Amino acid sequence: MKSLNLLKANTRKEYIELKRYLPNTIALLLTFYIIFLAMFAGIQVIGDPSTQDANIQFVIVNYIFWYLSMMVVQDIGWQITNEATQGTFEQLSMSPMGVWRILFARLIALVAVHFLIVVFLLYLSMFTTGQWLNIDVISLLPILISTLFSMFGLGFIIAGMSVVFKQVQAFLQILQFILAGLVFVPVSVAPILAFFPIVKGVDLVRGIMIDGITLSQVAFADYMILLFNAVFYFVIGLVFYLNCEKVAMKKGLLAHY
Amino acid sequence: MMEQIIHVQNLKKSYKKRKTKEVIQAVKGISFSVRRGEILGLLGPNGAGKSTTIKMICGLVKPDSGIIQINGINNQEKRLKALRHISAVLEGNRNLYWRLTVRENLEYFAGNRGFSRKAVTEQVDELLDEFQLKGKEKELVNRLSRGMQQKLAIAVAMLADSEVILLDEPTLGLDVETSYEVRELLRKVANEHQRTIIISSHDMDVIQDICERTVIINNGEIVTNDKVENLLKLFDVRAYSLTLGNLLSDNQQTLLKKKFAIYQYTPDTYQSKLEVELAKSEEIYELFDILKLARTPVEAIDRKTVNFEQVFLKIVKGEQQNEKLKSS
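About the cut-offs
- Residues numbered from 1 in each chain as written.
- Chains lettered and ligands numbered in written order.
- Predicted model: local features only at pLDDT ≥ 70, side-chain atom pairs only at ≥ 80, totals over all residues.
- Heavy atoms only, no water.
- UniProt positions renumbered as here; feature names shortened; annotations may be inferred.
- Helix = DSSP H or I, 4+ residues; strand = E, 2+ residues; numbered from the N terminus.
- Buried < 20%, exposed > 50% of the residue type's maximum accessible area, 1.4 Å probe, protein only.
- Lys, Arg positive; Asp, Glu negative; His and termini not counted.
- Salt bridge = Lys/Arg side-chain N within 4 Å of Asp/Glu carboxyl O.
- Contact = heavy atoms within 4.5 Å.
- Buried area = accessible area lost by both parts, 1.4 Å probe.
- Polar contact = N/O pair within 3.5 Å; in protein donor to acceptor, adjacent residues only side chain to side chain.

Going by what an unreviewed UniProt entry lists, chain A is known as ABC transporter permease and is assigned to Oceanobacillus halophilus. In its Subcellular location (unreviewed entry) section, UniProt records this for chain A: "Membrane".

Structure representation (structure tokens):
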């Protein structure tokens, strides 16, 4: 019950801030849309006409995932950096729920709040390009949830780094390109990439949305890799964060910027 | 005897300086206890180690060694459990979300401790009333005055429903009126809500006014742990101000200088002033013997009252002199 209250409080906070600073949210959406239009135009002008449709579909799925991963992974880093500067992070650190639970609640809240934006962006992209993808919610949902767990793991790693090093802004800028790499590079380039966070999930989502495969057509091995990645990266991220918290407490960094 | 709610034993913490790698011992084995319902002042000059001590009690900094028990719970072994009994305002208005309203802040922080909005609605309303924030509940925090922000930060700590509240500089940057209001609030919090309060402050008026006991830390060590009342008495009884009807002779002044380490003489043909601090109360007889030598008329004797700021300075300066003597 306490965890549910924690989740509710953090979802409400994310929603309030997104709504209260609506112009900022709209500017963010516009920026994303403009970049998408540029990519779309690029494919049309210099892309191979025979693979144009496939390329556009590929870009839509990847681009939406990139937005989601940035909102989740990068945003948690920004939040910690900002809160440490403002002085609210030490209040969070004093919660008997534990900071990791608050951060986990925030990660879920970020997904929940940005989900509507993601859906909007998805339909806007499909409408703009005229490429209507297969939105099979039943098939997409379990894959999406598993992928989100590996994203949360990455979020915890970024959070841990932010707690110890604080000034990670430059890294957070670079991170968006790392995330783009994970999302845009197909598994077919190198099979080992399937074990990287997010990659397998995006690959399967592409299979459903572009190729129209269903959940029952997904290979058992793919499920296992997806599940392994979800558990592995989530646990690694959490353990990394908890250790960073210990280091921060030992060095007295938890409350200082 | 009242039950101890906080017990600190042989607490040590050292830091390594980033550039020079020099090890600084911020806290050198301090021990003290806080009784349930007590208002304790934790004092010390800048860099004395009081903030580190507070942060160790809050579970934000891990001590090198020593024990901190909060309501009988070791805060290193069961940190989260111990945190249920403690809340703090360490950075004043910086501990709030400036983009949220007054009510949203209260509800958010309550949510972060696992309370539902519904469960705290009544309590939030009461706190808004009590802290005179009712009319401002929908106001964004960044639009509030510093005093109101400070009150809200204390209200947030109150809502945590913890027995112990730690406050670092609760009146810093506040005007006289608001500082007084915050003081009254804290007194009310301790008396009516039966909370234990630990205050760290450089505002000695606040300490003298609301704290029952003080722990003074200097150079990472406790130099005094006593009731405010006792400390004031200790320094008060030995200081006297005498109004004399005559000037003192050279011989009398030489004798006074020899006998009393701290004295101040302001000569005046009609009303000279003599201020003397006695090491022992019996020394008053020797003072009168010196005055009797020239039959100097004593028109008035006042026991000098010291405020807590003077007491604090004397304790800290005395300790610093002792340190110098030790090192030399």
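Next, the rest of the story.
J.: Could you give an account of the side chain of E283 of chain B, naming the residues involved and the relevant values?
T.: All names here are of chain B. For E283, the location among the structural elements is in helix α10 (residues 283-293). Buried within the structure, E283 lacks any salt-bridge partner; its nearest side chain of opposite charge belongs to K259, at an N-O separation of 4.6 Å. Once you skip the residues sitting within four places of it in the chain, E283 turns out to touch K259, F260 and L278.

J.: Explain the UniProt feature "transmembrane region" (unreviewed entry) in chain A residue by residue, including any values.
T.: All names here are of chain A. Residues annotated in UniProt with the feature "transmembrane region" (unreviewed entry) correspond here to residues 21-46, 58-78, 99-123, 143-165, 177-199 and 219-242. Within residues 58-78, the helical portion is 100% and the strand portion 0%, while the C-alpha atoms at the span's ends are 29 Å from each other. End C-alpha atoms of residues 143-165 are separated by 33 Å, and the span's content is 100% helix alongside 0% strand.

J.: Explain the interface of chain A and chain B to me, using residue names and the numbers behind them.
T.: One widely used convention gives an interface's size as the accessible area the parts lose upon coming together. With 37 residues of chain A at the interface, the matching set in chain B holds 38 residues. Buried area between chain A and chain B, summed over both chains or domains, comes out near 3200 Å², and the portion from carbon and sulfur atoms is 55%. It is M94, P96 and M249 of chain A that lose the most area in chain A upon contact with chain B, and together they represent 21% of the buried surface on that side. Of the charged contacts in the structure, one is a salt bridge between E107 of chain B and R12 of chain A, with a shortest N-O distance of 3.1 Å. For the pair chain A and chain B, the number of links is 19 residue pairs in polar contact (both at pLDDT 80 or more).

J.: Tell me what's going on with unusual backbone geometry, and back it up with residues and numbers.
T.: All names here are of chain B. Despite not being glycine, D161 shows a phi value in the positive range, around 60°. Mapped onto the elements, D161 comes out in the loop between α5 (146-159) and β7 (164-168). Residue D161 is classed as partly exposed on the basis of its relative accessible area of 46%. Positioned with a positive phi, E169 is a non-glycine residue whose angle comes to about 50°. Structurally, E169 can be placed in the loop between β7 and α6 (176-192). Using a relative accessible area of 14% as the deciding quantity, one classes E169 as buried.

J.: Just give me the short version of the pattern of salt bridges, but keep the residues and values in it.
T.: The final tally for this structure, using the stated rule, is 21 salt bridges over all chains. A salt bridge links D203 of chain A to R206 of chain A; the shortest N-O distance between them is 3.6 Å. Pair noted here: D203 of chain A and R206 of chain A are both in helix α8 (residues 199-209), with a separation of 3 residues, about one helical turn. A residue is classified by how much of its surface remains accessible, and R206 of chain A, at 5% relative accessible area, is buried. For E107 of chain B, the salt bridge identified is with R117 of chain B, shortest N-O distance 3.3 Å. Taken together, the residues span a long stretch of sequence, with E107 of chain B in helix α3 (residues 102-112) and R117 of chain B in helix α4 (residues 117-130) at a distance of 10 residues. On the accessibility criterion, E107 of chain B (7% relative accessible area) is buried. For R117 of chain B, a relative accessible area of 44% puts it in the partly exposed group. Within the structure, one salt-bridge network assembled from shared partners comprises R12 of chain A together with R103, E107, R117, D125, K134 and E137 of chain B.

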